[in-house]
Structure formats: C-alpha cells, structure tokens
Amino acid sequence: MAEVLSLVEARLRTALGEPDARAAMTFVGTDRVEVLRFLDPGESPDSDGGAVVRYATLGMSARPMADPTVVVPDPARGPRAELILSVRAGLADTDKVLRPLAVLAASPQVEGLVVAAGASLEVGEPLWPGAPFSSVLVAESGGLVPDLELDAPLEPVRFLPLLPMTPNEAAWKRVKGAQALQERWLAHGTDLRDPLRGSVALD
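Report on the accompanying structure. (Residues numbered from 1 in each chain as written. Predicted model: local features only at pLDDT ≥ 70, side-chain atom pairs only at ≥ 80, totals over all residues. Heavy atoms only, no water.)

Time to look at the packing of aromatic side chains. Remark: the centre distance and the inter-plane angle together describe each pair of aromatic rings, the angle taken between the planes. Tallying each qualifying case throughout the model produces 1 aromatic pair. When the centroid spacing of 6.0 Å and the interplanar angle of 65° are considered together, the rings of tryptophan 128 and phenylalanine 133 count as edge-to-face. We classify tryptophan 128 as buried; its relative accessible area is 2%. Taking relative accessible area as the criterion, phenylalanine 133 reaches 1% and is therefore assigned buried. (Phe/Tyr/Trp six-rings, centres within 6.5 Å; stacked < 30°, edge-to-face > 60°. Buried < 20%, exposed > 50% of the residue type's maximum accessible area, 1.4 Å probe, protein only.)

Secondary-structure assignment places alanine 2 in helix α1 (residues 2-16). Between the C-alpha atom of alanine 2 and that of arginine 63, which follows or precedes it by 61 residues, the distance is 10 Å. (Helix = DSSP H or I, 4+ residues; strand = E, 2+ residues; numbered from the N terminus.)

Once that is clear, we can look at the sheet that holds strand β6 (residues 135-138). The sheet built from 7 strands is open, its strands ordered β1-β2-β3-β4-β7-β6-β5 with mixed pairing. The two strands at the open ends of the sheet, each matched to only one other strand, are β1 (21-25) and β5 (120-122). Strand-to-strand, the axes of this sheet are offset by a mean angle of 25°, without reference to chain direction. Lying on the sheet, α1 is in contact with β1, β2 (33-40), β3 (52-58), β4 (80-88) and β7 (157-165); it crosses β3 at an angle near 170°. (Pairing = 2+ DSSP bridges. Axes fitted to C-alpha atoms, helices over the stretch in contact; angles between N-to-C directions. Contact = heavy atoms within 4.5 Å.)

These figures come from the coordinates and say nothing about function on their own.
What follows is the structure, given as structure tokens:
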C-alpha cells in the first residue's frame, strides 16, 4: 500500500509540480486520505488563463475498488483511482473543498462504490462556502495526469478529473447522461474551472 502511494505522489509531482499545502483526514473504518494542493500560476499574461489551483487526493488508490456484491474482494485486482479538482484561484474560498474531496475519496471503502468516468458523486452540501455545486461529474482520466501503470496483477491508477455540477445540471445529467451534459458544456463554452459559474442553458 505504501509503495503504491509513493508512486502515486511521485506521478502527481511530475505532472503538477510541488504541492504548496496538504491535509490528511481519517474516517472511521477507512485508511488515511490526504488532499494535496497545487498552484498553477497560469500561462502568459495575454492569455485568458490565470492561476488555477488543483486539489488531488492521495490514498484512494491504496486499495482496489471492489464491486459491493462480491463477498470476498480480491486484495490486488480491481480498479484504482485518485481524484483531481481544478478551479480558478482567488475567486472563492475553495480550500474548504478539502474535506468533501477526502469524503469522496473514502467512499469506495465506506460505501463500496466503484468510481469511474461518467459517474456522479454527491457531496450533500456545497463543495465550498457559497459554491453553487454540491455534486461532481467524474471525467475520463489520462489528460492532466497520465495513468500510472503498476506491476501485474495490480491495475493502473487512474487520475479522474472532477467537474462540479449545479443541481440543475446534475438532474439533467441523470436523464440525458454524462456525454450529453459534457457536449452541452462544450457547445456553450462553459468554463468548468470557474468556481462561481451558473448552470449551463438546458432544454
């Protein structure tokens, strides 16, 4: 377990740089989960970029996720993942997202969830104070942080981006599906890293 997490942290540092803060949380009956904070200062001054803060979990991948219907889960085989949330810096008190992220990272152990692309994860409260989001859409891995291959029989660790959803978007996604919502965001040029954005126009 410790070796896997060392490799995961090394991959995060390679892809995102050195973390400028980290917090650790432990929930009853679960392993320790950390959340690392990385600050990306942005691109050139004439770009529309600006600074972006990224929050990455560390600990979720220590054990493989198992189907809750399996009586005796395999201790080695099964999907492994960590979660990454990217938001524009300085617009909201997004550092308060550390606990909700840790809760989501612990959900495979606590609730027997298998977190994968296309899934919705509900926090039950705003992601941070005043946030218009209380749930996230899990996006495909392999972009910001490449998948981490592990020695067989262990499956790769996938770094899954989280896309905050407003309540209206979450309800629409339940009916139309994840791909339809992502296409709607794309068609409207939605800035998914804006911590204050409103809901995209929906049918």
